[in-house]
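Fold and contact review
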There are 2 protein chains.
Amino acid sequence: MGKITVVGIGPGSAEDMTPKAKKAIDDAQVVVGYNTYIELIKPMLATKEVIGTGMMQEVDRCKMAVESAANGKDTVVVSSGDAGVYGMAGLVLELVLQYPADKRPEWGGTVAGISAVNAAASVLGAPLMHDFAVISLSDWLTPWELIQKRVKLAGEGDFVIALYNPKSKSRPDYINEVQKILLACRDGKTPVGIVTGASREQENCVVSDLAHFTDEEIGMFSIVIIGNSQTYVQDGYMVTPRGYKV
Amino acid sequence: MGKITVVGIGPGSAEDMTPKAKKAIDDAQVVVGYNTYIELIKPMLATKEVIGTGMMQEVDRCKMAVESAANGKDTVVVSSGDAGVYGMAGLVLELVLQYPADKRPEWGGTVAGISAVNAAASVLGAPLMHDFAVISLSDWLTPWELIQKRVKLAGEGDFVIALYNPKSKSRPDYINEVQKILLACRDGKTPVGIVTGASREQENCVVSDLAHFTDEEIGMFSIVIIGNSQTYVQDGYMVTPRGYKV
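Below you will find a few notes about this structure. (Residues numbered from 1 in each chain as written. Chains lettered and ligands numbered in written order. Predicted model: local features only at pLDDT ≥ 70, side-chain atom pairs only at ≥ 80, totals over all residues. Heavy atoms only, no water.)

A count of helical and extended segments in chain A gives 7 helices and 13 strands. Projected onto its principal axes, the C-alpha positions of chain A cover 55 × 35 × 35 Å. Intrachain contacts of chain A at a sequence separation of at least 6 include 70% that bridge at least 24 residues. Approximately 9500 Å² of chain A is accessible, and the part contributed by carbon and sulfur atoms is 49%. Put simply, chain A has 23 plus and 29 minus side-chain charges, and the middle of one group is 4 Å from the middle of the other. (Helix = DSSP H or I, 4+ residues; strand = E, 2+ residues; numbered from the N terminus. Contact = heavy atoms within 4.5 Å. Areas by Shrake-Rupley, 256 points an atom, 1.4 Å probe, with all protein chains shown as cover. Lys, Arg positive; Asp, Glu negative; His and termini not counted. Charge placed at Lys NZ, Arg CZ, Asp CG, Glu CD.)

Now for the side chain of Glu58 of chain B. Following the sequence through the fold, Glu58 of chain B ends up in helix H3 (residues 58-70). Setting aside its immediate chain neighbours within four residues, Glu58 of chain B contacts Tyr244 of chain A together with Met88, Leu91 and Trp140 of chain B.

On to empty space enclosed by the protein, then. Throughout the structure, instances matching the rule amount to 1 cavity of 30 Å³ or more. Put simply, the largest cavity is a space of about 40 Å³. Together, Asp82, Gly84, Thr110 and Ala112 of chain A together with Asn118, Ala121, Ser122, Gly125, Ala126, Pro127 and Leu128 of chain B line the largest cavity. For the lining of the largest cavity, the element with the highest residue contribution is helix H5 (residues 116-124) of chain B, accounting for 3 residues. The residue inventory of the lining of the largest cavity, partitioned by class, reads 5 nonpolar, 5 polar and 1 charged. (1 Å grid on protein atoms, 1.4 Å probe; cavity = no way out; pocket = protein on both sides within 12 Å on 5 of 7 lines; lining within 4 Å. Points joined across faces, edges and corners; volume = space filled by probe spheres on them. Nonpolar A, V, L, I, M, F, W, Y, C, P; charged D, E, K, R; others polar.)

A word on unusual backbone geometry. One non-glycine residue, Asn165 of chain A, adopts positive backbone phi at about 45°. Position of Asn165 of chain A relative to the elements: it lies in the loop between strand S8 (160-164) and helix H7 (174-183). Even without a glycine there, the phi angle at Ser199 of chain B is positive, about 70°. Turning to its location among the elements, Ser199 of chain B is positioned in the loop between strand S9 (191-196) and strand S10 (204-209).

Moving on, we get to the relation of the copies chain B and chain A. With an axial shift of 0.0 Å and an RMSD of 0.0 Å, the rotation relating chain B to chain A amounts to 180°. The symmetry that links the two subunits is that of a two-fold axis. Comparing interface residues between copies, 99% of those in chain B also lie at the interface in chain A; the contact surface is shared. (Least-squares fit on C-alpha atoms with pLDDT ≥ 70 in both.)

Turning our attention to the pattern of salt bridges. Here the structure, examined in full by the defined rule, presents 22 salt bridges over all chains. Linking Asp139 of chain A and Arg171 of chain A is a salt bridge whose minimum nitrogen-to-oxygen distance equals 4.0 Å. Within this pair, whereas Asp139 of chain A is found in the loop between strand S7 (132-136) and helix H6 (144-156), its partner Arg171 of chain A is found in the loop between S8 and H7, the two being separated by 32 residues in sequence. Here Glu177 of chain B ties to Lys180 of chain B by a salt bridge, and the two come within 3.7 Å at their closest N and O atoms. Of this pair, Glu177 of chain B and Lys180 of chain B both sit in helix H7 (residues 174-183), 3 residues apart, roughly one helical turn. A network of salt bridges, in which partner residues are shared, links Asp131 and Asp158 of chain A together with Arg150 of chain B. (Salt bridge = Lys/Arg side-chain N within 4 Å of Asp/Glu carboxyl O.)

Below, the discussion takes up the pairing of strand S4 (residues 75-79) of chain A. Residue and element names in this part refer to chain A. With 5 of 5 residues buried, S4 lies mostly within the body of the structure. Side chains Thr75, Val77 and Ser79 project from S4 onto one buried face, and the interleaved Val76 and Val78 project onto a second face that is buried too. Relative to S4, strand S1 (residues 3-8) runs parallel, the two being bridged by 5 bridges. Looking at S4, one finds that Val7 is bridged to Val78. By the bridge criterion, 4 bridges tie strand S2 (residues 30-34) to S4 in an arrangement that is parallel. The residue of S4 that forms the bridge with Val32 is Val77. (Buried < 20%, exposed > 50% of the residue type's maximum accessible area, 1.4 Å probe, protein only. Pairing = 2+ DSSP bridges.)

Spatial ordering of the open sheet is given by S6-S13-S12 (chain B), a layout of 3 strands whose pairing is mixed. The open sheet is flanked by strand S6 (125-126) and strand S12 (232-234) of chain B, the only strands paired with a single partner. With respect to the sheet, helix H4 (residues 89-98) of chain A is in contact with S6, S12 and strand S13 (237-239) of chain B, its orientation differing from that of S13 of chain B by roughly 125°. (Axes fitted to C-alpha atoms, helices over the stretch in contact; angles between N-to-C directions.)

Attention now moves to the interface of chain B and chain A. Chain B puts 71 residues into the contact, and the matching count from chain A is 70 residues. Carbon and sulfur atoms supply 59% of the area buried between chain B and chain A, which totals about 6300 Å² over both sides. It is Arg150, Tyr244 and Val246 of chain B in chain B that bury the most area against chain A; as a group they hold 12% of the surface buried on that side. Where chain B packs against chain A, one counts 8 salt bridges. (Buried area = accessible area lost by both parts, 1.4 Å probe.)

Here we take up the packing of aromatic side chains. Taken as a whole and judged by the stated rule, the model has 10 aromatic pairs over all chains. With a centroid separation of 6.3 Å and 75° between ring planes, the pair formed by Trp107 of chain A and Tyr237 of chain B is classed as edge-to-face. Remark: Tyr237 of chain B occurs in strand S13 and Trp107 of chain A occurs in strand S5 (residues 106-111); the pair is interchain, linking two chains. We classify Trp107 of chain A as buried; its relative accessible area is 16%. (Phe/Tyr/Trp six-rings, centres within 6.5 Å; stacked < 30°, edge-to-face > 60°.)

Ordered in space as S6-S13-S12 (chain A), the 3 strands form an open sheet in which the pairing is mixed. Sheet topology places strand S6 (125-126) and strand S12 (232-234) of chain A at the edges, where each strand pairs with a single neighbour. Of the pairings in the sheet, the one linking S6 of chain A to strand S13 (residues 237-239) of chain A comprises 2 bridges and is parallel in character. Across the sheet, Gly125 of chain A pairs through a bridge with Met238 of chain A, a residue of S13 of chain A. Against the sheet, helix H4 (residues 89-98) of chain B touches S6, S12 and S13 of chain A, its axis set at about 125° to S13 of chain A.

To continue, consider the nonpolar core. Judged by nonpolar contacts, the single largest core of 44 residues is most densely connected at Ile135 and Leu163 of chain A together with Ile135 and Leu163 of chain B. In terms of nonpolar packing, the next biggest core, distinct from the first, is built from 40 residues, Ile114 and Ala198 of chain A together with Ala119 and Val134 of chain B among them. (Core = buried A, V, L, I, M, F, W, Y, C linked by side-chain atoms within 4.5 Å.)

Honestly, that's just the spatial picture; any functional story needs more than this.
If you want it as structure tokens, here you go:
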């Protein structure tokens, strides 16, 4: 029986991948992932069997990976960022647990990676720092009503809010709805940071505010971080004070 | 003028520290941190000037670090996990920005690290996976009323909830209050994972449920992850489905 491991490769650059993640990939016979992520780690894959698939094919991809391990090959599934945050950790583990115990591939666990929200925050300054909520605006697997409810409650709780998948062609207006919901409970001057491709070559970072941030370029792979009532911007850096007297 | 950089060293093991973090420490002349974290990376510090201080001395420690950089020495401040999540990134950046521009040390930025919540999640299986809220129960810098409010709102929003600093000698009962608040809106059978010292030698992990988890050993450095309404436990693993049909 082979082993299956889910590996978070971090935001993109090799400098942000942990030694544990690198070793898991180096040790594997088969590497499975979304084509874009496979591309990011291509130099590591020269001698490997590689299974890359397109977007929206997560279930097929992970099934192939688990089968590969069940057939005796040590296999890793790679996710960008941390595989446990909107990544493949859960899906792979669910598929592994569906196998009867005697045919189940060995679960090699999840290797944590630098999550996209932490990478984005480090580019902006120190915008998280305090209690925060992470919400994906993708309604592919979650009803839009529930997403809106979560945004509203996080807004009322004065959480710093990090948005994943803030915009796509099929739902260009969700981000405006989110803005509307938050403007009902948070000042229009609240700082908002938008980071796209953190730690990759094309990294882009903009600091705006709640009343205007939707005018900026926001894509499917942007992370949007909305400050709490204490967050401020100085010299271009976004800072949420933890509360120390300085 | 020296450079000041804030570095997240990850949960503790060298295998979880990114090459970027390692390089930042290697390049520095002075390394500043809480004694426990300094101990974790001691093998890297042989030729360095080291400033280690105890708990509750964050402001003094960070002031010393910024002064060290202002005096011309390249300095790093280390935080465990990710320095941008209840770490030193914000405090150091605030202190740097207080310097007049012509005397200000160069801001080397924050190097993201594997956050404690991601490390804890990887030990438990795949408990985050979906929208989640991160809340610290420490009332040292945050009013307890606000913490309770956030717990309640996150509970109502069916967020997965990750608790930092869940217990200390001065507030042994807060975790019971949190349990009470969440039992009002979430089933007592909701899985709860408790991870202490993730990725360190003394790593300890327990899976319980919302009605009983307060009977388990929980310390100041434990991370408690409370599932959402979809989270389940199978074969000891805690899984929050993303929603894929499998």
